[in-house]
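# Analysis of the macromolecular model
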Amino acid sequence: PPDNLHAEVLVLGAGPGGYTAAFRAADLGKQVVLIERYPVLGGVCLNVGCIPSKALLHIAKILTEAQAVREVGIEFGQPAINLEQLRHWKDGVVKKLAQGLSMLAKQRQVTVIQGSGKFISPNALTVETPDGIKTISFDHCVIAAGSSSARLPGLPKDPRIINSTDALALHTLPKRMLIIGGGIIGLEMATVYQALGTKISIVERLPQLIPGADSDLIKPLVSKLKQTCEAIWLDTSVSQIEASKKGLKVSFSGEQAPEAQWFDMVLVAIGRRPNDKLIAAESAGVAVDERGFITVDEQMRTNAAHIFAIGDITGEPMLAHKASHQGKIAAEVIAGHKVAFDARTIPSVAYTDPEIAWMGLTETEAKKQGIAYEKASFPWAASGRAIAMGSETGLTKLLYDKTTRRILGAGITGVNAGELIAEATLALEMGADMQDIALTIHPHPTLSETIMFAAETAEGVITDLY
Ligand code: FAD
């Protein structure tokens, strides 16, 4: 590209938020420049997040299921793990999708510029590209700079203390690994490494794993982890790590803190921080709050009317489907469409074993805010399909309004909960009530029936064993 360029729409960051915004703006006839500091498109989600983690979780599932069928009389030998080949396959999955994105950008004539972008004024930024600094002016800008792993202060610099990106790189399989942080990312990594043979311990500062999810939903996961992990310490923090040749000596604090323990590797998964420091937002006059997030209105506008922000950099929940949805809205608003972000819910999924998914109102939130609700649950121990899949500990629950009987929220734990929650999300968006769901014929025998059965329970229909 030339040294000076003008963009009708400039998108900063090519994660799921940024590439979606760029593609939609181009489809709506805008001339778009997309800036990404890395040589590949896709951001965290594609390169070091959603996709590589789900590829490895797929393999983890095969390994654990192969073990589980021992109970029904089928025994496989110990798996021989070729780490290099596994890594190569996982990288191939990512590469295939990244190439697809590059093609889609080309087809739409989106100009992709590799380099770090920094605002220099409300209508321009500079990009440090491999062949020099370029200045790009713009009419509209979409900030989609995303987030990075949060660091735990005070830890020594040591290659055995890693973050989720390092964990997904799959360089080595440690014998004993401590995971700091019992949130979704930490537990997904626990699931992967455990299946590959690493002994896992988990330490969580709060009293519950996956804080934010209802405790009945995480119960089956917790009881499984209790069987398979070396230790789970709740209400406990890491106070110090001493690195030596022998390993990493980790000290803990908290009322139930254990004695100091030795590990071969420590994964820090304590959350993510916005990449606000990378973009010099202040030069564009864009306000950043004290946590580094950019506040936006329902049209994704920042305080500067021609600059928009989407995705992780706008705050929680930090999820790819939120980023891409916001990306579409920003592009459409720029193209003059009368649209706004009015999603009634953003579903959450932990792709653990079992999976946990929820959307809309949670019981935790309802109790905190004093919101009245009714609950209908269907335990998977009464689902034919769940029993046939050895997944009896699952649970489907629906929360609904007592008067209107409309769905308010749903939580599912068990195989494929992440796929199943989509139906409940649609029901919420469509304003469906319990009768709508109960009277909808679901295919038998499927796990999706558990949603219908829960609604039938709400309608007073007694659902026996199916
Ligand atoms: P990002 O994906 O962070 O992309 C921002 C991009 O901007 C990056 O490529 C960055 O290099 C670039 N950038 C930043 N600053 C500059 C600059 N100054 N100049 C040029 N480029 C810049 N979410 C889900 O919904 N489902 C999941 O299963 C899931 N799994 C995850 C697993 C892991 C291990 C992790 C870490 C995250 C996971 N997430 C998941 C979260 C998801 O990855 C993020 O919510 C999503 O990537 C956010 O998209 P984004 O477009 O806002 O930003």
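Fair warning: this is a prediction, and the values are worked out from it, not measured in the lab. (Residues numbered from 1 in each chain as written. Predicted model: local features only at pLDDT ≥ 70, side-chain atom pairs only at ≥ 80, totals over all residues.)

## Re the environment of W89
If you trace the backbone, W89 turns up in helix α4 (residues 83–107). Judged by C-beta crowding, with 13 C-beta atoms within 10 Å, W89 ranks as partly exposed. For the pair W89 and A55, spaced 34 residues apart in sequence, the C-alpha separation works out to 8.8 Å. (Helix = DSSP H or I, 4+ residues; strand = E, 2+ residues; numbered from the N terminus. Buried ≥ 20, exposed ≤ 12 C-beta atoms within 10 Å, placed from the backbone.)

## Describing the UniProt feature "active site" (unreviewed entry) in the protein
Here, the residues flagged by UniProt with the feature "active site" (unreviewed entry) are H444. Within the secondary structure layout, H444 lies in the loop between α12 (434–438) and α13 (449–458). (UniProt positions renumbered as here; feature names shortened; annotations may be inferred.)

## Concerning the site of the ligand
Near the ligand you find 36 residues, and of these G13, G15, G43, G146 and G311 are the closest. Breaking the shell around the ligand down by element, the ones donating at least two residues are α1 (16–27), β2 (32–36), α2 (43–48), α3 (50–68), β4 (116–121) and α8 (320–334). Residue composition of the shell around the ligand, by class: 18 nonpolar, 15 polar and three charged. (Near = placed C-beta within 6 Å. Nonpolar A, V, L, I, M, F, W, Y, C, P; charged D, E, K, R; others polar.)

## Notes on helix α11 (residues 417–429)
Its 13 residues give α11 an end-to-end C-alpha distance of 19 Å, which sits within 8% of 18 Å, the value for a rise of 1.5 Å per residue. If you check which residues of α11 are buried, you get A417, L420, I421, A424, A427 and L428. Buried residues of α11 fall within an arc of 105° about the axis and therefore sit on the same side. Along its buried surface, α11 packs onto β18 (348–350), β19 (356–360), β22 (407–413), α12 and α13. Positive backbone phi, approximately 70°, marks G431, located one or two places after α11. (Expected span 1.5 Å × (residues − 1). Arc of directions from axis to C-beta. Contact = placed C-beta atoms within 7 Å.)

## Overview of the nonpolar core
Counting 131 residues, the largest nonpolar core has V11, L34, V142, I143, V266 and L267 as its most contacted members. Per-element tally for this core: the top contributor is helix α6 (residues 184–195), with eight residues. Ignoring any residue separated from it by four or fewer positions in sequence, one finds L34 in contact with V11, A14, G18, Y19, A22, A105, V110, T111 and V112. (Core = buried A, V, L, I, M, F, W, Y, C linked by C-beta atoms within 7 Å.)

## A few points about unusual backbone geometry
Only a minority of non-glycine residues have a phi that is not negative, and only a minority of peptide bonds are not trans. Cis geometry marks the peptide bond from E316 to P317, where omega comes out at -10°. Relative to the helices and strands, P317 is located in the loop between β17 (307–309) and α8. Unlike most non-glycine residues, D235 shows phi in positive territory, near 55°. Along the chain, D235 falls in the loop between β11 (231–233) and β12 (237–244).

## Points about the pairing of strand β21 (residues 395–400)
Along β21, six of the six residues are buried, which leaves the element largely enclosed by surrounding structure. Here β21 shows no split at all, with L395, K397 and L399 on one side and T396, L398 and Y400 on the other all buried. The sheet contact formed by strand β20 (residues 374–379) and β21 spans six bridges and is antiparallel. The residue of β21 that forms the bridge with F378 is T396. The pairing of β21 with β22 spans six bridges and is classified as antiparallel. Residue pairing across strands places L399 opposite G409, the latter belonging to β22. Linking two consecutive strands that pair antiparallel, namely β21 and β22, is a turn of six residues; a positive phi of about 65° is found at R405 within it. (Pairing = 2+ DSSP bridges.)

## Here's the deal with the sheet that holds β19
If you walk across this open sheet you meet the five strands as β18-β19-β22-β21-β20, and the pairing is antiparallel. Looking at which strands have only one partner, the edges of the open sheet turn out to be β18 and β20. Averaged over all pairs of adjacent strands, the angle between their axes in this sheet comes to 10°, without regard to strand direction. With five bridges connecting them, β19 and β22 associate as antiparallel partners. Along β22, the bridge assignment pairs I356 with T413. α11 rests against β18, β19 and β22 of the sheet, and its axis sits at about 10° to β19. (Axes fitted to C-alpha atoms, helices over the stretch in contact; angles between N-to-C directions.)

## Topic: α6
Helix length check: α6, at 12 residues, gives a terminal C-alpha distance of 17 Å against a target of 16 Å (1.5 Å per residue), a fit within 8%. Counting buried residues along α6, 12 of its 12 residues qualify, which places the element largely inside the surrounding structure. Of all the positions in α6, only I184, I185, G186, L187, E188, M189, A190, T191, V192, Y193, Q194 and A195 are classed as buried.

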